[in-house]
Amino acid sequence: MPTLNWQQSARHIGTQTHRVLQQLVINRSLYGELESFVQFHPAWRNQLKQLGVPDAQCDEAVNRVEQLLCNTLADATGRWILDPTHQQSECELPISFNNGFQTLHLIIDRTFVDKRGVRWIIDYKTAEVGEGESFAEFLNMEEKRYRKQLTLYSRALRAMSDEPVRAGLYFPESSYFHEIAL
């Protein structure tokens, strides 16, 4: 089997993973208490092909999506993020926000209000630590890359409500949640 070209297909794997994470929140009963997602592989394979993953690489991409989902569901923080019983639970939430110069159209991967009344903004990141890169270096780069985006999401949600807002990046690859102070 050819090795998946991550430069070309990683974005599509991320898109498919986001879709299934959203489905897990919206319709958890669809997946039940599965130990395996094998029965969903044909649908995922078709969806990945439609996104642009080459046919010869689809099986590897499907396995990657499944691994990311299994990592998330095996992690207590991952399950907390996906918990559909949170107040104001939303996935892939589209919002518009005027920043004073223009109206921006945003999509927030995951947001909810926890039991303490804190609004959470979670951005899923399916990127992996690069070869020769430490996990600390990777986190530092990802935080720098996404801080502005999370700050914008936070400003948009604060304009609509007065809950305290916290935000972070969730990495299914490592089952790691990285809160970012805004």
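Going by the structure above, here's the rest.
The following paragraphs examine the structure supplied in this document.

Here is what the cut-offs are and how they apply
- Residues numbered from 1 in each chain as written.
- Predicted model: local features only at pLDDT ≥ 70, side-chain atom pairs only at ≥ 80, totals over all residues.
- Heavy atoms only, no water.
- 1 Å grid on protein atoms, 1.4 Å probe; cavity = no way out; pocket = protein on both sides within 12 Å on 5 of 7 lines; lining within 4 Å.
- Points joined across faces, edges and corners; volume = space filled by probe spheres on them.
- Helix = DSSP H or I, 4+ residues; strand = E, 2+ residues; numbered from the N terminus.
- Nonpolar A, V, L, I, M, F, W, Y, C, P; charged D, E, K, R; others polar.
- Axes fitted to C-alpha atoms, helices over the stretch in contact; angles between N-to-C directions.
- Left-handed = near helix turned anticlockwise from the far one by under 90°.
- Contact = heavy atoms within 4.5 Å.

### What about the layout of surface pockets?
For the largest pocket, the calculated volume is near 390 Å³. If you trace the largest pocket, you find 21 residues lining it, with Ala10, Gly14, Lys125, Thr126 and Ala127 closest to the centre. Elements with a contribution of two residues or more to the lining of the largest pocket: helix H1 (6-26), strand E2 (103-113), strand E3 (119-124) and helix H6 (135-160). At 7 residues, H1 tops the list of elements feeding residues into the lining of the largest pocket. Of the residues contributing to the lining of the largest pocket, the split by class is 8 nonpolar, 4 polar and 9 charged.

### Brief notes about the packing of helix H3 (residues 41-51) against helix H4 (residues 58-74)
The N-to-C vectors of H3 and H4 enclose an angle of 115 degrees; their axes lie 9 Å apart at closest approach. Here H3 runs over H4; the crossing is right-handed. Seen from H3, the contacting residues are His41, Trp44, Arg45, Leu48 and Lys49; seen from H4, they are Cys58, Asp59, Ala61, Val62, Asn63, Val65, Glu66 and Leu69. Each residue belonging to the contact of H3 with H4 can be placed in one class, and the counts come to 7 nonpolar, 2 polar and 4 charged.

### With respect to unusual backbone geometry
For glutamine 88, which is not a glycine, the phi torsion comes out positive at approximately 50 degrees. Summarising the element assignment, glutamine 88 is placed in strand E1 (residues 87-98). In the Ramachandran plot, serine 175 falls in the positive-phi region, its phi being about 50 degrees despite a non-glycine side chain. Tracing the chain through its elements places serine 175 in the loop between strand E4 (165-171) and strand E5 (176-180).

So yeah, pure geometry; function would need other evidence.
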